[in-house]
Amino acid sequence: MKLIISTQLSQLDEIVAIENASFEKPWSHSQIKDDIQANIDSENWVFIKDGKVAGYIFGWIIQNEFHLHNIAVHPDHLRKTIGKKLIQHIITRVADQKVNVILLEVSVNNFSARKCYHSLGFVQTGIRKDYYSKGDDAILYNLEIN
């Protein structure tokens with residue numbers, strides 16, 4: 001069974017495990033917990049496969065923009081369109097909330113993510129030099145939706 005549901009605090013340990021497996025400088029347990037519990041206009045979703053968290057996406061709506069903060073897929077489920085489905089879910093959700101643009105950044109070296117963003121219509125709008133811990137540049141992407 002596959003489904004996308006709103007993130008629950010009970011899923012925190014599974015999300016932290018995916019975060020730690022996915023990033024060299026992962027968000028901390030407390031950062032993820034704070035984001036799940038934040039009293040702001042957040043869109044935090046998990047992709048459930050066989051009763052377990054297979055991926056997640058976190059972001060905030062700020063005025064008419066959606067800022068994608070974090071997205072990751074469990075290493076056992078990479079290249080199975082889970083990330084793409086999570087992004088498509090966000091696009092649908094925020095379009096209904098009068099959001100005009102989705103903003104994100106991704107490592108210049110994350111070719112699979114960049115390919116996914118391009119396939120969904122995201123456009124490169126800039127570069128942030130030395131943005132990531134290894135000195136990787138970040139590519140800025142926007143998707144105009146309304």
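All values derive from a computational prediction rather than experimental measurement. (Residues numbered from 1 in each chain as written. Predicted model: local features only at pLDDT ≥ 70, side-chain atom pairs only at ≥ 80, totals over all residues. Heavy atoms only, no water.)

Draft legend 1. Region of the structure containing the packing of helix 1 (residues 12–22) against helix 2 (residues 29–37). Look at helix 1 against helix 2: their axes get within 10 Å of each other, and the N-to-C directions meet at 130°. In terms of axis orientation, helix 1 runs oblique to helix 2. For the crossing formed where helix 1 meets helix 2, the hand is right-handed. Of the residues in helix 2, those touching helix 1 at Leu12, Asp13, Ile15, Val16 and Glu19 are His29, Ile32, Lys33 and Ile36. Tallied by class, the residues present in the contact of helix 1 with helix 2 amount to 5 nonpolar, 1 polar and 3 charged. (Axes fitted to C-alpha atoms, helices over the stretch in contact; angles between N-to-C directions. Helix = DSSP H or I, 4+ residues; strand = E, 2+ residues; numbered from the N terminus. Parallel < 35°, antiparallel > 145°, perpendicular 65-115°, else oblique. Left-handed = near helix turned anticlockwise from the far one by under 90°. Contact = heavy atoms within 4.5 Å. Nonpolar A, V, L, I, M, F, W, Y, C, P; charged D, E, K, R; others polar.)

Draft legend 2. Broad picture of the side chain of Asp137. Looking at the element boundaries, Asp137 is found in the loop between strand 6 (123–128) and strand 7 (138–144). Polar side-chain contacts of Asp137 include one of 2.9 Å to the backbone nitrogen of Asp130. If we ignore the near neighbours within four places in the chain, the residues touching Asp137 are Val106, Ser107, Val108, Ile127, Arg128, Lys129, Asp130, Tyr131 and Tyr132. (Polar contact = N/O pair within 3.5 Å; in protein donor to acceptor, adjacent residues only side chain to side chain.)

Draft legend 3. Just the pattern of salt bridges, in detail. Taken as a whole and judged by the stated rule, the model has 3 salt bridges. Lys129 is the salt-bridge partner of Asp137, the closest N and O atoms lying 3.4 Å from each other. (Salt bridge = Lys/Arg side-chain N within 4 Å of Asp/Glu carboxyl O.)

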